[in-house]
Amino acid sequence: MADTKYIFVTGGVVSSLGKGIISASLGKLLQARGYKVTIQKFDPYINIDPGTLNPYEHGECYVTVDGRETDLDLGHYERFLNAQTTRANNITTGRIYQTVIDKERRGDYLGKTVQVIPHITDEIKRNIKLLGTKNHFDFVITEIGGTVGDIESLPFIESVRQLKWELGKNCLCVHLTYVPYIAAAKEFKTKPTQHSVKQLQELGIQPDVLVLRTEKWLNHDIIRKVALFCNVAGGSVMQSVDVPTIYEVPLLLQKQEMDVRVLEKVGLEIGPTPEMKQWKDFLNRKTNAKETVKIGLIGKYVELQDAYKSIDESLLLAAIYNDRLLDLHLFHSEKINDNNAAELLSDMDGLVIAPGFGNRGIEGKFVAIKYARENDKPCLGICLGMQCMVIEFARNVLGFEEANSTEMARNTPYKVIDLMEEQKNITNMGGTMRLGAYECVLQKDSKAWQAYGKELIQERHRHRFEFNNEYRTQFEDAGMRFTGENPDTGLIEVAELPDLKWFVGVQYHPEYNSTVINPNPLFVSFVKAAIENK
Ligand code: GLN
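Presented here is an overview of the structure given in this document. Fair warning: this is a prediction, and the values are worked out from it, not measured in the lab.

Cut-off values and rules
Residues numbered from 1 in each chain as written. Predicted model: local features only at pLDDT ≥ 70, side-chain atom pairs only at ≥ 80, totals over all residues. Heavy atoms only, no water. Near = heavy atom within 4 Å. Polar contact = N/O pair within 3.5 Å; in protein donor to acceptor, adjacent residues only side chain to side chain. Areas by Shrake-Rupley, 256 points an atom, 1.4 Å probe, with all protein chains shown as cover. 1 Å grid on protein atoms, 1.4 Å probe; cavity = no way out; pocket = protein on both sides within 12 Å on 5 of 7 lines; lining within 4 Å. Sits in = over half its atoms within 2 Å of the grid points. Helix = DSSP H or I, 4+ residues; strand = E, 2+ residues; numbered from the N terminus. Nonpolar A, V, L, I, M, F, W, Y, C, P; charged D, E, K, R; others polar. Phe/Tyr/Trp six-rings, centres within 6.5 Å; stacked < 30°, edge-to-face > 60°. Buried < 20%, exposed > 50% of the residue type's maximum accessible area, 1.4 Å probe, protein only. Pairing = 2+ DSSP bridges. Axes fitted to C-alpha atoms, helices over the stretch in contact; angles between N-to-C directions. Contact = heavy atoms within 4.5 Å. Lys, Arg positive; Asp, Glu negative; His and termini not counted. Salt bridge = Lys/Arg side-chain N within 4 Å of Asp/Glu carboxyl O. Core = buried A, V, L, I, M, F, W, Y, C linked by side-chain atoms within 4.5 Å.

With respect to the site of the ligand
Thinking step 1. In the vicinity of the ligand, the contacting residues are Pro355, Gly356, Phe357, Cys383, Leu384, Gln387, Glu407, Arg462, His463, Arg464, Phe465 and His509.
Thinking step 2. For the ligand, an oxygen atom lies 3.1 Å from a polar atom in the side chain of Gln387.
Thinking step 3. Taking Arg464, its main chain carries an N or O atom lying 3.0 Å from an oxygen atom of the ligand.
Thinking step 4. In isolation the ligand exposes 300 Å². Once the protein is present, 99% of that is buried.
Thinking step 5. Here the ligand is seated within the second largest pocket.
Thinking step 6. When contributions to the shell around the ligand are tallied by element, the ones reaching two or more residues are α15 (384–396) and β19 (456–463).
Thinking step 7. Grouping the amino acids of the shell around the ligand by side-chain chemistry returns five nonpolar, four polar and three charged.

Notes on the packing of aromatic side chains
The description of two aromatic rings rests on the distance between their centres and on the angle between their planes.
Thinking step 1. The final tally for this structure, using the stated rule, is 18 aromatic pairs.
Thinking step 2. Relative to Phe282, the ring of Tyr247 lies with its centre 5.7 Å away and its plane at 90°, an arrangement referred to as edge-to-face. One end of the pair, Tyr247, is in the loop between β11 (237–241) and α9 (249–255); the other, Phe282, is in helix α11 (residues 277–288), with 35 residues separating them in the sequence. Pair check on accessibility: Tyr247 and Phe282 agree, each one buried.
Thinking step 3. Look at Phe393 and Phe475: their rings are 5.7 Å apart centre to centre, the planes differ by 25°, and that puts the pair in the stacked class. Here Phe393, found in helix α15, pairs with Phe475, found in helix α17 (residues 472–477); they are 82 residues apart in sequence, far enough to count as distant.

Notes on the sheet that holds β11
Thinking step 1. The strand order across the open sheet formed by seven strands is β5-β2-β6-β1-β7-β10-β11, and the pairing between neighbours is parallel. With partners counted over all chains shown, the strands left at the sheet margins are β5 (90–92) and β11, one partner each. Taking the axes of each pair of neighbouring strands and ignoring which way they run, one obtains an average angle of 20° across the sheet.
Thinking step 2. Helix α7 (residues 191–202) rests against β1 (5–11), β7 (171–178) and β10 (209–214) of the sheet, and its axis sits at about 150° to β7.

Re the side chain of Asp376
Thinking step 1. Summarising the element assignment, Asp376 is placed in the loop between α14 (362–374) and β15 (379–382).
Thinking step 2. Despite its burial, Asp376 pairs with no opposite charge; the closest candidate is Lys501, at 4.4 Å N-O.
Thinking step 3. Of note is the side chain of Asp376, whose polar atom sits 2.8 Å from the backbone nitrogen of Lys501.
Thinking step 4. With near-sequence residues (within four places) excluded, Asp376 lies in contact with Leu500, Lys501, Trp502 and Asn533.

Side note on the nonpolar core
Thinking step 1. Of all hydrophobic cores here, the largest spans 43 residues; its most connected members are Ile7, Leu30, Phe139, Val174 and Met258.
Thinking step 2. Ignoring anything within four residues of it in the chain, the contact list for Leu30 reads Ile7, Tyr35, Val37, Phe139, Ile141, Asp259, Val262 and Leu263.
Thinking step 3. Ranked by size, the runner-up nonpolar core spans 40 residues in total, among them Ile353, Ala368, Leu384 and Phe467.

Here you go:
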């Protein structure tokens, strides 16, 4: 295909309407037609990346293969498209300003006053186009974070306006808005949508496609009214109705021919409607699954819907590939203790010990791990979860009473988890962890090896601490096996208790590498063990 086509997805009325899912679904539909598609997210905050934001602010921090800490929407993009994103797929206002200010200091703008327009908008546009030209994508879908009308997203919206002008037919704007149902009046209300589109128009952008987020299907009159007031053809007004799973959204939009409207507008041939066979097979498996598998997730952010997004989705995918529905129970690690562990956890088929940072809630994780170990309950520890498995083993099996990670207790007599050598001189906290994909060699016949079915794997990371290899022999003599290692550094990636049914801790994050078409084998194997344990 000759020119890259650029699609912008903006949102109006309220946040949390699911721009990420709409972007990912449209991407999926275009990809199913044979186009090379990527999706990027622009976040209007000043942080360089979300790496230093806590989950209360931002939900999960997703990590790309090339080691960028990003918005969780990139997780949706990867799970839907089954394609990796990179650092170029998530840009923040902070990053844009940093580049422009660096250029200014270098003297690149010598003699000029540096301004939002054109310098900031030029840098935004450069980042949008970079993805298309460098990687030869047919479609670059750019999701603009926030809501139209926010002060902070104005430079991004202005850049979209300029690009629409510059790129003509090769550029279009999809605007997602909300149509609330007012129960007292028994009516859907389109006024918020009209206002939101008007606001976009005032900023110089005429949306090409509207997606109305609604709880129930809207009738034809409402669609006609929206089309009329918003200068959009009736056929270009889509509905995004609540569905049982986000993975149904691509089919929902396909039925309304959203991809066809997009192709018409950018002047591409329509061709036959793709079958989406693999996708439908997955959904059918979900529909046909009747029994459930009960998984307990132990973490300290259980009240936050998005804190463990990729873990939740990976478990859901793994359950469906085991023909089960996921029955996920979240346990607050601060509320688990020796007295209530059995009562709380005995009903679970398997336990996941969540990743995390800092001391809060850590003791509850040890209790849950002890319970899993002593009662032979399938247990998967991820990152901090794996480190906790090591500490619990040190304390309760090896008898190293105050064993800990130096992250939690700097002067512990048993530093079984310790700061990585390369981390010791680091003073800046942003973007300096061991991040992104690294290789790991698995030992034959281990649980991990059985899961992946191969020796050499690559998984993503986000940590500063590691297993302290000085203790290795003592752990091994007491029955813990270290079955995965980084081939270059010897860093321990996987710890297992081979005498138990399924007890595996991984220093890496398998949840960042699990898609609808390609679920992560470790999750699939863990859920299988949990089902067998029922
Ligand atoms: N806090 C731990 C470390 O930095 C684990 C991090 C995590 O769970 N992502 O090593």
